[in-house]
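# Understanding the architecture of this molecule
Here are the chains, one letter per residue:
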Amino acid sequence: MSGGDAPKRKRLHFKFSCRNPSVKDDSLHIGGPGFSRVVFCNEPDRYEAGLLKYGGNYVRTTKYTLANFFPKSLFEQFRRVANVYFLITGCLAFTPLAAYSAVSAILPLIVVIGTTMIKEAVEDWGRKKQDIKVNNRKVKVHCSNGNFEYTVWKNLRVGNIVKVEKDGFFPADLLLLSSSYEDAICYVETMNLDGETNLKLKQALEATSHLHEESKFQDFKALVKCEDPNANLYTFVGNMEFEEQQYSLTPQQLLLRDSKLRNTDYIYGVVIFTGNDTKVIQNSMDPPSKRSKVEKKMDRVIYLLFFIMFLLAFVGSIIFGIATRKDLKDGRMKRWYLRPDDIDIYFSPKRAPAAAFFHFLTAIMLYNYLIPISLYISIEIVKVLQSSFINQDLKMYYEEADKPARARTSNLNEELGQVDTILSDKTGTLTCNSMEFLKCSIAGIAYGRGVTGVERSMARRSGSPLLDDEGHIEDDSADRKSSIKGFNFVDERIMHGKWLKEPRADVILKFLRLLAICHTAIPEVNEATGMITYEAESPDEAAFVIAAREIGFEFYKRTQTSISLHELDPISGTKVDRSYKFLNILEFNSSRKRMSIIVRNEEGKLLLLCKGADSVMFERLAKNGREFEEKTRDHMDEYANAGLRTLVLAYRELDEEEYKVFNEEFTEAKNSISVDRDEVIDEVAEKIEKNLILLGATAVEDKLQNGVPECIDKLAQAGIKIWVLTGDKMETAINIGFACSLLRQGMKQIIINLETPEIKALEKAEDKAAITKASKASVIHQINQAKAQITASKGSSDAFALIIDGKSLTYALEENVKNMFLEIAIGCASVICCRSSPKQKALVTRLVKTGTGKTTLGIGDGANDVGMLQEADIGVGISGVEGMQAVMSSDIAIAQFRFLERLLLVHGHWCYRRITSMICYFFYKNITFGITLFLLESRASFSGQPAYNDWYMSLYNVFFSSLPALALGLFDQDVSARFCLKFPLLYQEGVQNVLFSWKRIIGYMINGLYSSLVIFFCCIKAFNHQSFRKGGEVVGLDIFGTTMYTCVVWVVNCQMAISVSYFTLIQHLFTWGSVVVWYLFLLAYGAISPTLSTTAYKVFIEACAPAPSYWIITFVVLIFAIIPYCVYKAIRMRFFPMYHQMVQWIRMEGKSEDPEYCRIVRQRSIRPMTVGCTARREASRHSA
């Protein structure tokens, strides 16, 4: 409805909360510190409002702005110490101290930094476009004279009146004024905030509920005073002054940004918090500048190379200074060729210390080839192209939603191969946000032949067929999709009215009737098709109502006093209409773990219908109501093992007198405005929810996304720990834990919560200091108990699961407790944090990241996960059903959780191995090249004489050695994708960082040192005192340098070829092409005028090429340089293989299809004390 005076919507609905809920005395703080916000409703242009200077509604997730891009991006580049060094040497190259031309020194740095800045700008522009899309969404805002016009979100200001229509997102934090319903209620979906899909009921103040028409806002004025912006999603304290009356405000009136209006035609609200002041943004953090651990370690290696370089320069300068001082002795010149008698300060024997200092600066510039400047640009290029491989991987493309994987930043590719802990959201990440009614137990008989995802996964792995209840092989096309959302129940004994022929049809009737009545769902009739759909407060409740409808008990109408069904009459076998008078509802909460409804049927009988958790229901059964208890318990255990969520259903008939007494007490409790109102209501309900008669139990599958159990199983086998951080209730989280095999039967659960009688008593007394002290003490006590339990079980195969709620987590994350909490969490196979706020998710992530020092990955799909994703080393956003906030703040976006398996085990492993191998090769080739410069200079009396032509040196890292490294970083594979998934423990090579350990790095450096010594001394010995050509000419520096450079090019490229595990055409082209390009360069550069080519003028075509010794020396040096590495590699492969080399042996020997052989290699990754389907099966086998 978008007209000016639209008719208000009147739909029969049911109110599930009090009209004006009581508030605590926090309202007394209004106007004090932390409660100083003042909002002039409908007067955003008022003078006093301008003085408050509240921020606008524009939000951004970008790393840079137009104003700070250049300085901030430059700062990012010069955080790398190597870039700072090359900037300094580039500036020094313009002085007479330089051993080469200034252009050849500064140009590589400009290219490196410029390319990286362009890459950063392109990536941030992608985030900017997402921000533009969100900030330019439109909403109706009151302009003047009762007129509402569309404006973009970013233009909203505090005090604006806005109109949000059905299925629209709230553009800011709004105070609800009225809605399309008479009593100003609305239904809100908060999935983007807390991950929950169930609808929340909000209700405006009665004083503003009459504002249904746009025209009524022409003269509307009110003053709101409330709390300052904060991150707490579940509290709001304030008051409203309206028409000279003051009204208290509660969270019931607050509509949060990015939540969605559902089932309501429209609402009117006033903007309270905008932009960065909104609660969802308060729960997020600025996008951090993330750097991978490999890159940080690479910086430390660069520091080591700097130390070596400065040491060489220092030693050389000392020797040079001593030699310079002795140059003129008794009037004789020892180094006459340096002309010390006719020179400035640089070689003056009279100023030897100054000459030594200037030589030190020259040496610093000359030896800078030890520092691989092209390494940074090469890594940037490789990472961008690796990201494109991730983006184009069809096996991570979700066809149903047309969503490919998308790497939103390329800085963290290698981190994907080093993840130690995954911190995952639940709703929308592990699950599909849907429930399916799958099985039930009625009167001690199990019904339903559906197969859960957990059962299917375990059967596939064990190779055993699935059997139904009668022992028949189950068709695993139980991947079959039901055409009815929420209903996947298959059993011919009950469907299509056949339940009437069952032996206990009377119990089945009561069971189905209870499902159809005991709920808070609201029916909606599609006028075009006549189909009835349901809006329920939780997905499982919707599944129950749908199940009852499909079996024959259709709930179709609800009024404030009655519930109407189309029932299958057991006598006539036809559908009849029956109405039940609604009397009371006893709501579900986390302490009660049950809900009940009291109705009067058409025969006048009073019925209490109850459903709840087995832990509270069985103890409430009457002695004569336990007929099916034993069989029902057995069935529920089976359902739990299959990962299903179970509820017990029971009922009782009430007599009139008992109900009369209860109703009086219950009405009095509901009308109470005391602080302990909820506890009083629970106590009254407790009195009547007893002596129940058991009917049976339901089993619904909290439908996991496809492949989640299998994915978790593979990740667990890879040694990755998985934590679940969810805003859901503990019971829901535990059930999902079982469904996805994070929890299993036999696993010891450590539950930390504050549901103790002592703390509840303190809460009633409202002694905040005492509550805080007692709560913290309780959490510490529970943590110590858990620690003792875990310590006592060391050496056994016992697996522990830690489950903690949000209240306890608040104290567990305090400074003096968090390390104790982390210690027990690390000792558990799985960790589930329930009722976690977005801030707590981020804090837990930070604790794991800093406390363990290992790589963390956060994965989620909603705005409530943004803080977690940004705090984690890697943030993975699920592009789910609703909202793009998580994706916009993530480093990588995928469409389904199951794609995480391939992202980490395949792309992560490859990227880590490729980049670390490439970096090690860069260190090797630069040390090989740089040490030859030092050796030649030492032979030239440390005079600053370079061994090679200027452009030889400048192009070494561009054309003659870097391209093979790029090919290695892009295409090399130690094993194929199939073997990465078949042997998940390969992934631990990245977690343990074995391919970039100091041992391996130093090994590459030593190999580089050896290669340089071989090259230099072989060339010196070969050319020393020997004629080089037929004419008897000996070699000069130009020929010697060219020969030595040729040896360097051959050695480093052949070394690269030996290191490659998987050759492609491109690798052949780059490796051997680099050698060919060197010879072509010699020809082309040597043909240029000697004023430009200097020492390279025709050196190859006239001197080197015709001389046999040039070719012989190159071949001999190559053999001597690479033989030691070949021998080492062969011995390592044969006698001390790494895990990936073991897998390579399997492939080479053709054992990849031998199950026993593969099992032996794979068995190290399967442990009964871990999680996953395989560990579940192993634990069952061991217990048997």
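Residues numbered from 1 in each chain as written. Predicted model: local features only at pLDDT ≥ 70, side-chain atom pairs only at ≥ 80, totals over all residues. Heavy atoms only, no water.

## Quick notes on the pairing of strand β8 (residues 222-226)
Threshold: Burial classes follow relative accessibility: with a 1.4 Å probe on protein chains only, a residue under 20% of its type's maximum area counts as buried, one over 50% as exposed, and anything between as partly exposed. The way it works is that DSSP assigns letters per residue, a run of H or I at least four long becomes a helix, a run of E at least two long becomes a strand, and they are numbered from the N terminus. Pairing between two strands is assigned when DSSP locates at least 2 bridges connecting them.
Of all 5 residues making up β8, 4 are buried, and the element is well covered by its neighbours. Where strand β1 (residues 37-41) meets β8, 5 bridges bridge the pair, whose relative direction is antiparallel. Considered in β8, the bridge of valine 38 is made with lysine 225. In this structure, β8 lies alongside strand β9 (residues 238-242), joined through 4 bridges in antiparallel fashion.

## Quick look at unusual backbone geometry
Leave glycine aside and you will find that most residues have negative phi; peptide bonds, for their part, are mostly trans. The phi angle at alanine 443 is positive, at roughly 55 degrees, despite the residue not being glycine. Tracing the backbone shows alanine 443 in the loop between β18 (431-442) and β19 (445-447). In this structure, threonine 1094 is a non-glycine residue whose phi angle is positive, near 50 degrees. Relative to the helices and strands, threonine 1094 resides in the loop between α34 (1090-1093) and α35 (1099-1104).

## Some details on the sheet that holds β1
Inclusion rule: Axis geometry follows a simple rule: fit a line to the C-alpha atoms, using only the stretch in contact for helices, then measure angles between N-to-C directions, giving values from 0 to 180 degrees.
One open sheet holds the 4 strands; their spatial order is β1-β8-β9-β10, and the pairing between them is antiparallel. Bordering the open sheet on either side are β1 and β10 (245-249), each of which pairs with just one other strand. Within this sheet the neighbouring strands show an average axis-to-axis angle of 20 degrees, counted without direction. The pairing of β9 with β10 spans 5 bridges and is classified as antiparallel. The partner of glycine 238 across the bridge, within β10, is leucine 249.

## Describing the confidence of the model for the chain
In plain terms, the rule: Values of pLDDT, which run from 0 to 100, indicate the predictor's confidence residue by residue. The contact rule is simple, with two residues in contact once any of their heavy atoms fall within 4.5 Å.
Summary statistics for the chain give a mean pLDDT of 82 and a share of 85% for residues scoring 70 or more. When pLDDT is averaged over each helix and strand of the chain, the minimum, 58, is found for helix α39 (residues 1173-1183) and the maximum, 95, for strand β26 (residues 606-612). When the criterion is pLDDT under 50, residues 1-28 qualifies, and its contacts beyond four places in sequence or with other chains add up to 87 contacts. With pLDDT under 50 throughout, residues 476-480 is counted as low confidence; its partners more than four residues away or in other chains account for 12 contacts.

## Topic: the packing of aromatic side chains
Spelled out, the test is: Aromatic rings from Phe, Tyr and Trp, with only the six-membered ring used for Trp, were paired whenever their centres fell within 6.5 Å, and each pair was classed as stacked if the ring planes differed by under 30 degrees, edge-to-face if by over 60, and tilted otherwise. The rule for a charge over a ring is simple: NZ of Lys or CZ of Arg within 6 Å of the ring centre, and within 35 degrees of the ring normal.
One pass over the structure, following the stated rule, counts 47 aromatic pairs. Taken together, a centroid distance of 4.7 Å and an interplanar angle of 45 degrees make the contact between phenylalanine 217 and tyrosine 268 tilted. Of this pair, phenylalanine 217 sits in the loop between β7 (199-203) and β8 while tyrosine 268 sits in strand β13 (residues 266-273); the two residues are 51 residues apart in sequence, bridging distant segments of the chain. Here phenylalanine 217 matches tyrosine 268 in class, with each residue buried. An angle of 65 degrees between the planes, with centres 5.5 Å apart, marks the rings of tyrosine 266 and tyrosine 268 as edge-to-face. Overall, the relative accessible area of 0% leaves tyrosine 266 in the buried class. By relative accessible area, tyrosine 268 is classed as buried at 1%. Among the aromatic residues, those joined into a cluster by ring pairs are Tyr369, Phe929, Tyr948, Tyr952, Tyr956, Phe959, Phe960, Tyr1045, Trp1078, Phe1081 and Tyr1085. The ring of tyrosine 54 has arginine 37 lying over it, and the distance from NZ or CZ to the ring centre is 3.9 Å.

## Topic: the pattern of salt bridges
As a reminder of what qualifies: We count a salt bridge whenever a side-chain nitrogen from Lys or Arg sits within 4 Å of a carboxyl oxygen from Asp or Glu.
Following the criterion strictly, the structure yields 53 salt bridges and no others. Here glutamate 567 makes a salt bridge to arginine 513, at a shortest N to O gap of 3.0 Å. With glutamate 567 in strand β23 (residues 562-568) and arginine 513 in helix α11 (residues 505-517), this residue pair connects regions lying 54 residues apart in the sequence. Each of the two residues, glutamate 567 as well as arginine 513, counts as buried. Notably, a salt bridge pairs arginine 594 with glutamate 686, separated by 3.1 Å at the nearest N-O pair. With arginine 594 in strand β25 (residues 594-600) and glutamate 686 in helix α16 (residues 677-688), this pair connects stretches of sequence that are 92 residues apart. The class of glutamate 686 is partly exposed, set by a relative accessible area of 39%. Residues joined by salt bridges that share partners form a network here, namely Arg592, Arg594, Glu619, Arg620, Glu686 and Glu689.

## Things to note about the sheet that holds strand β4 (residues 161-165)
Here 6 strands make up an open sheet; going across it, the order is β3-β2-β4-β13-β5-β11 and the pairing antiparallel. At either end of the open sheet lies a strand with only one pairing partner, and these are β3 (147-152) and β11 (254-255). When strand β5 (residues 173-179) meets β13, the two strands line up antiparallel, connected through 6 bridges. Each residue of the ladder has a partner; that of serine 178, found in β13, is tyrosine 268.

## Focus: the UniProt feature "active site" (unreviewed entry) in the chain
Here is the rule we go by: UniProt positions are given in the numbering used here, feature names are shortened, and annotations may be inferred rather than shown by experiment. Two N or O atoms count as a polar contact when they lie within 3.5 Å, although within protein this holds only if one can serve as hydrogen donor and the other as acceptor, and sequence-adjacent residues are included solely when both atoms are side-chain atoms.
Look at the UniProt record and you will see "active site" (unreviewed entry) annotated at Asp425. Relative to the elements of secondary structure, aspartate 425 occurs in the loop between β17 (419-424) and β18. For aspartate 425, a relative accessible area of 0% gives the class buried. Ignoring sequence-local partners within four residues, the contact set of aspartate 425 consists of Leu430, Leu725, Thr726, Lys841, Ile859, Gly860, Asp861, Asn864, Asp865 and Met868. A polar atom in the side chain of aspartate 425 sits 3.2 Å from the side chain of lysine 841.

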